[in-house]
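Close look at the chain arrangement
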Amino acid sequence: MVAQLPSPTTTPPTPPELDSIHYPDSDGQPMADNTKQFRWITIIQYNLDWLFAQNPQVFVAGDLLWYPVQGNNKLRQAPDVMVAFGVPKGDRGSYQQWKENGIAPQVVFEILSPGNTLKEMQRKQIFYDRYGVEEYYVYDPDRNDLSGCLRGDTGLEIIDTLDHWISPRLGIHFQPTATDLQLLHPDGTPFASYAEVSQQLEQTLAALATTQHQADQERQRADQERVRAEQERLRAEQEQQRAEQERLRADRLAQRLRELGLDPDQP
């Protein structure tokens with residue numbers, strides 16, 4: 001009797017010794033060392049969230065611990081921003097890759113702070129290279145220095161120039177300037193901070209309120225015109241009725257005169 005092979009889609013059970021391992025949600029390190037670094041992290045995360053808001057299979061996270069190998073809770077990194085395609089949205093305490101169909105985040109951003117060391121950044125790049133990141137971008141806002149790597153035949157390879165670079169995965173545009181980094185959505189809309197988006201929303205709501213107020217005023221004027229037109233119509237009908245009544249009275253008087261033998265047409 002030939003033994004039946006297991007279905008290729010069957011997920012093998014997790015060994016008890018692996019299932020009992022704890023994967024902490026925090027490494028005890030702060031998300032950012034200063035306001036500038038934090039601002040850039042949130043700008044990139046929020047805008048990528050907005051960009052893929054309608055795609056349920058794109059997961060965007062900031063400062064989330066990523067564990068690539070089951071059973072090793074020491075092997076981990078917390079990218080400032082990461083994007084995983086083919087992974088459902090939702091809250092997570094950490095990104096445990098074996099629970100995400102083995103999908104590694106394809107795009108990673110790191111925003112440097114004065115506390116970052118060269119050795120630390122080298123370790124991060126080795127980690128991202130080893131565990132499958134396709135695009136890796138590093139921005140130093142203090143020096144306005146941007147660098148990036150794209151996965152090639154030999155792993156992550158340096159992108160020669162990021163001037164007007166378009167991310168293959170994200171579709172966003174990179175436009176470094178002499179003083180700052182500009183990131184653009186695929187439609188050319190600049191990345192905006194939460195405060196800027198809130199201000200734009202307030203301005204939009206104010207403009208809508210003004211438009212609505214103007215429309216209400218126009219509707220009120222139109223209603224008033226309709227009321228005046230109706231009043232004029234009623235007055236015209238009343239005048240017509242009075243004229244008809246006068247005509248009827250004149251006809252009755254003429255008839256009475258004729259009955260008396262008088263000609264109503266004679267003076």
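In this report, we go over the structure that sits alongside the text. (Residues numbered from 1 in each chain as written. Predicted model: local features only at pLDDT ≥ 70, side-chain atom pairs only at ≥ 80, totals over all residues. Heavy atoms only, no water.)

**Focus on the overall build of the protein**
Cut-off, in case you're wondering: Starting at the N terminus, helices and strands are each numbered in turn, a helix being any DSSP run of H or I of at least four residues and a strand any DSSP run of E of at least two. In this description, contact between two residues means that some pair of their heavy atoms is separated by no more than 4.5 Å. Per-residue and other accessible areas were derived by the Shrake-Rupley procedure at a 1.4 Å probe size, with only the shown protein chains allowed to occlude residues.
When its secondary structure is counted, the protein shows 4 helices and 11 strands. In the protein, once contacts between residues fewer than 6 apart in sequence are set aside, the share between residues at least 24 apart is 59%. With an accessible surface of roughly 17,600 Å², the protein has 52% of that area assigned to carbon and sulfur atoms.

**Focus: the pattern of salt bridges**
Charged atoms that come close allow side chains of opposite charge to pair. Cut-off, in case you're wondering: A pairing counts as a salt bridge when a side-chain nitrogen of Lys or Arg comes within 4 Å of a carboxyl oxygen of Asp or Glu. The cut-offs for exposure are 20% and 50% of the maximum accessible area for each residue type, with area from a 1.4 Å probe on protein chains only; residues under the lower value are buried, those over the upper are exposed, and the others partly exposed.
Under the counting rule described, the total for this entry stands at 18 salt bridges. The closest approach of N and O atoms between D140 and R143, which form a salt bridge, is 3.9 Å. For R143, a relative accessible area of 69% puts it in the exposed group. A salt bridge links R235 to E232; its shortest N-O distance comes to 2.0 Å. You can see R235 and its partner E232 sitting in helix α4 (residues 194-259), 3 residues apart, about one turn around the helix. Residue class for E232 comes out partly exposed when judged on its relative accessible area of 46%. Each member of the salt-bridge network shares a partner with another, and the members are E110, E120 and K124.

**Let's talk about the layout of surface pockets**
The line we're drawing: A 1.4 Å probe that fits into a set of points on a 1 Å grid over the protein atoms alone but cannot get out defines a cavity; an open set with protein on both sides within 12 Å along at least five of seven lines defines a pocket, and lining residues are those with an atom within 4 Å of a point. Grid points are joined across faces, edges and corners, and a volume is the space filled by probe spheres set on the points. Side-chain classes follow a simple rule in which Ala, Val, Leu, Ile, Met, Phe, Trp, Tyr, Cys and Pro form the nonpolar group, Asp, Glu, Lys and Arg form the charged group, and the remainder, Gly included, forms the polar group.
Of the pockets and cavities examined, the largest pocket occupies roughly 440 Å³. As for the largest pocket, its lining consists of 23 residues, and the residues nearest its centre are D27, Q29, N116, E120 and K124. Take the lining of the largest pocket: its biggest share by element is 4 residues, from helix α3 (residues 118-130). When its residues are assigned to classes, the lining of the largest pocket shows 8 nonpolar, 6 polar and 9 charged.

**Focus: the sheet that holds strand β5 (residues 107-111)**
Defined as follows: Strands were regarded as paired on the criterion that DSSP finds at least two bridges between them. Note on geometry: axes are lines fitted to C-alpha atoms, helical ones only across the stretch in contact, with angles between N-to-C directions running from 0 to 180 degrees.
As summarised here, the arrangement of the 6 strands in space is β1-β3-β5-β6-β7-β8, forming an open sheet in which the pairing is mixed. This sheet does not close on itself; its edge strands, each paired only once, are β1 (58-62) and β8 (155-158). The mean inter-strand angle of the sheet, taken between neighbouring strand axes irrespective of direction, is 15°. Two elements, strand β7 (residues 145-152) and β8, share 4 bridges in a ladder whose sense is antiparallel. Residue pairing in the sheet places R151 in a bridge with L156 of β8. Where helix α2 (residues 35-51) meets the sheet, it contacts β1, β3 (81-85), β5 and β6 (135-140), and its direction lies at approximately 160° from that of β5.

**A closer look at empty space enclosed by the protein**
For the structure on display, the rule yields 1 cavity of 30 Å³ or more. Lining the largest cavity are I44, F109, E110, I111, Y137, V138, Y139, L146, F174, L181 and L183. Elements with a contribution of two residues or more to the lining of the largest cavity: β5, β6 and β11 (181-184). For the lining of the largest cavity, the per-class residue count stands at 10 nonpolar, no polar and 1 charged.

**Examining the nonpolar core**
Put simply, the rule is: Here, nonpolar core refers to any group of buried Ala, Val, Leu, Ile, Met, Phe, Trp, Tyr and Cys residues whose side-chain atoms link them within 4.5 Å.
If you look at the biggest cluster of nonpolar residues, it comprises 26 residues, and the most contacted ones within it are I44, L48, V83, F109, Y137, L170 and F174. Going through the elements one at a time, α2, β1, β3, β5, β6 and β11 are the ones with two or more residues in this core. Take this core: its biggest share by element is 5 residues, from α2. Dropping the residues within four chain positions of it, Y137 is found in contact with V107, V108, F109, E110, S147, G148, I159, L162, W165, S167, P168 and F174. Judged by nonpolar contacts, the second largest core, of 20 residues, contains V87, Y95, V108 and Y131.

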